[in-house]
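Observations on the three-dimensional arrangement
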Amino acid sequence: GRICVYAPEENFKDFKKKGIPVETIYQVDEEGKTVIPQLYENEFVIIQSDQSTKKTQLGRVEHGVIRKLEYRKAQPYGVSPRNAGQYFLQEALMKSAEKAPLVIVKGMAGTAKTFYSLAVGLEKVLNNPTGEYRRILICRPNAQFDQDIGFLPGDEQEKISPLMRPIVDNLEQLIDSDEEERYQDEQELQGKIEEIFARGLIQTEAMNFIRGRSFVKTYLIIDEAQNMTPNQVKGIITRAGKGTKIILLGDPNQIDRPFLDERTNGLSYASEYMKGSPLCYQITMSAEECERSELAMDAIHRL
């Protein structure tokens, strides 16, 4: 989903106005030799000037030219990018469903995949309702749960609510962005979240209920997509109706489902076969982009 390259200084100067042709960029291998990398459509690029490594720009491959990021100054729902990965993630999520109907985000826990996806969804549906999307729909596959949902007590929402707790945790941070005040009035915070669900702006569904349906003008987030089978992921992507944006989030190293591994799961399958598609944007978040806490960052490196 991303690559680091060098560009000649003269091209680098004109980057914001004209972009940089892909044939002018290069990499340097361990022996100091120049290597011409293969770039895919929509691949994100960190460009350094070959005269000064302190000069860096972020771009995206589009029809043979590396263009500047269109949404680099955006602040969806008040959230600002903190690292290169989040700038790329913001670009992919903010693009319209017409230009980027499929976004695939891989990365370990704490790299703000779900948080950022929800922030952009809330920005588009609540803050600046342009009519682009009717609602945010969130689905979270679960290895044991998908097959046995019918045996659990309660209605559909009661059955899936334990799965959606991580989504609510992220919503709490987004809806009340003041860290000092956030948990001082728990009831008020809970009321705000319940209102969003009651108005149907955010809906949650089990994977079983998504199959066989067609979604129109929907911002569809599939969290923990590494627990999907290739058939499930194909079924969902081919259900996308007009104006729908599908966001697959997950960590291929964290698989809870038997018979799937980091290569055969639905997330990796979609990532491999959609590579180079003009309609698909992909980004892999790196361990250094963990924003959860110092402990989470330390554990990623140690464990």
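Residues numbered from 1 in each chain as written. Predicted model: local features only at pLDDT ≥ 70, side-chain atom pairs only at ≥ 80, totals over all residues. Heavy atoms only, no water.

Digging into the layout of surface pockets
We apply this condition: Site definitions follow a grid-based scheme: protein atoms alone, a 1 Å grid, a 1.4 Å probe that fits but cannot get out for cavities, and for pockets an open set with protein on both sides within 12 Å along at least five of seven lines, plus lining residues having an atom within 4 Å of a point. Grid points are joined across faces, edges and corners, and a volume is the space filled by probe spheres set on the points.
Its boundaries defined by the atoms lining it, the largest pocket holds a volume of some 1000 Å³. For the largest pocket, the lining is made up of 36 residues, of which Gly110, Ala112, Phe115, Asn170 and Arg292 are closest to its centre.

A few points about the pattern of salt bridges
Stated formally: Note on definitions: salt bridges are taken to be side-chain nitrogens of Lys or Arg within 4 Å of carboxyl oxygens of Asp or Glu. The helix count covers DSSP runs of H or I at least four residues long, the strand count covers runs of E at least two residues long, and both are numbered beginning at the N terminus. Buried means the residue's accessible area, taken with a 1.4 Å probe over protein chains only, is under 20% of the maximum for its type, while exposed means over 50%, and partly exposed covers the values in between.
The full count for this structure, using the stated rule, is 14 salt bridges. Glutamate 289 is the partner of arginine 2 in a salt bridge, and the nearest nitrogen-oxygen pair spans 2.8 Å. Of this pair, arginine 2 sits in strand β1 (residues 2-7) while glutamate 289 sits in the loop between β13 (280-284) and α12 (294-302), and the two are 287 residues apart along the sequence. For arginine 2, a relative accessible area of 23% gives the class partly exposed. Linking glutamate 188 and lysine 192 is a salt bridge whose minimum nitrogen-to-oxygen distance equals 3.8 Å. Taken together, the residues span about one helical turn, with glutamate 188 and lysine 192 both in helix α8 (residues 186-198) at a distance of four residues. When its relative accessible area of 31% is taken as the criterion, lysine 192 is described as partly exposed. Within this structure, Glu70, Glu91 and Lys95 form a network of salt bridges that share partners.

As for the sheet that holds strand β5 (residues 44-49)
Whether parallel or antiparallel, the strands of a sheet pair through hydrogen bonds between backbone atoms. Just so we agree on the cut-off: Pairing between strands requires that DSSP locate at least two bridges from one strand to the other. By definition in these notes, contact holds between two residues if any of their heavy atoms fall within 4.5 Å. With axes taken as lines fitted to C-alpha atoms, and helix axes fitted only over the stretch in contact, angles between N-to-C directions fall between 0 and 180 degrees.
With respect to topology, five strands assemble into an open sheet ordered β1-β5-β6-β7-β2, the strand pairing being mixed. Of all the strands in the sheet, the pair left with one neighbour each is β1 and β2 (20-21). Bridge count between β5 and strand β6 (residues 56-62): five bridges; the pairing is antiparallel. In the strand pairing of β6, glutamine 48 is matched with threonine 56. In the packing of helix α3 (residues 84-94) onto the sheet, the strands contacted are β1, β5 and β6, and the crossing angle to β5 comes to about 135°.

As for the packing of aromatic side chains
To keep things clear, this is the line we draw: Aromatic pairs are defined between Phe, Tyr and Trp rings, using the six-membered ring for Trp, whenever the two ring centres lie within 6.5 Å; interplanar angles under 30 degrees are classed as stacked, those over 60 as edge-to-face, and all others as tilted.
Inspection of every chain in the model, using the stated rule, returns five aromatic pairs. With a centroid separation of 5.3 Å and an interplanar angle of 65°, the aromatic rings of tyrosine 133 and tyrosine 219 are classed as edge-to-face. You can see tyrosine 133 sitting in the loop between α4 (113-127) and β9 (135-139) and its partner tyrosine 219 sitting in strand β11 (residues 218-222), a full 86 residues away along the chain. Through a chain of ring-to-ring contacts, three or more aromatic side chains come together here, namely Phe44, Phe88 and Tyr281.

Re the packing of α4 against helix α7 (residues 165-175)
Keep this limit in mind: Orientation is classified from the angle alone, with under 35 degrees giving roughly parallel, over 145 giving roughly antiparallel, 65 to 115 giving roughly perpendicular, and any other angle giving oblique. Less than a right angle of anticlockwise turn of the near helix away from the far helix marks a crossing as left-handed, whereas a clockwise turn marks it as right-handed.
Taken N-terminus to C-terminus, the directions of α4 and α7 make an angle of 60°; their axes are 10 Å apart at the nearest point. Classified by the angle their axes make, α4 and α7 are oblique. Crossing handedness for the pair α4 and α7: right-handed. On α7, the residues touching Thr114, Phe115, Leu118, Ala119 and Leu122 of α4 are Ile167, Asn170, Leu171, Gln173 and Leu174.

Points about the sheet that holds strand β8 (residues 102-106)
A sheet is described by the order of its strands in space; here six strands give the open sequence β10-β9-β11-β12-β8-β13, paired in parallel fashion. Two strands bound the open sheet, and with one partner strand each, they are β10 (202-205) and β13. When the angles between neighbouring strand axes are averaged without regard to direction, this sheet yields 15°. Sheet topology note: the β9/β11 ladder contains five bridges and is parallel.

Remarks on the packing of α3 against α4
It is at 10 Å that the axes of α3 and α4 come closest, and there the two elements cross at 40°. Taken together, α3 and α4 sit at an angle that is classed as oblique. As α3 packs across α4, the resulting crossing turns out to be right-handed. For the pair α3 and α4, contact is made by Gln86, Leu89, Gln90, Leu93 and Met94 and by Lys113, Tyr116, Ser117, Val120 and Lys124, respectively.

As for unusual backbone geometry
Within the chain, asparagine 42 stands out as a residue other than glycine whose phi angle is a positive 70°. Inspection of the secondary structure assignment puts asparagine 42 in the loop between β4 (34-35) and β5.

Description of helix α10 (residues 230-237)
Note the threshold: This arc is built from the directions going out from the helix axis to the C-beta atoms.
Along α10, the positions that sit buried rather than exposed are Gln232, Val233 and Ile236. Down the axis of α10, the buried set is contained in an arc of 95°. They therefore lie on one face.

None of this, on its own, says anything about what the molecule does.
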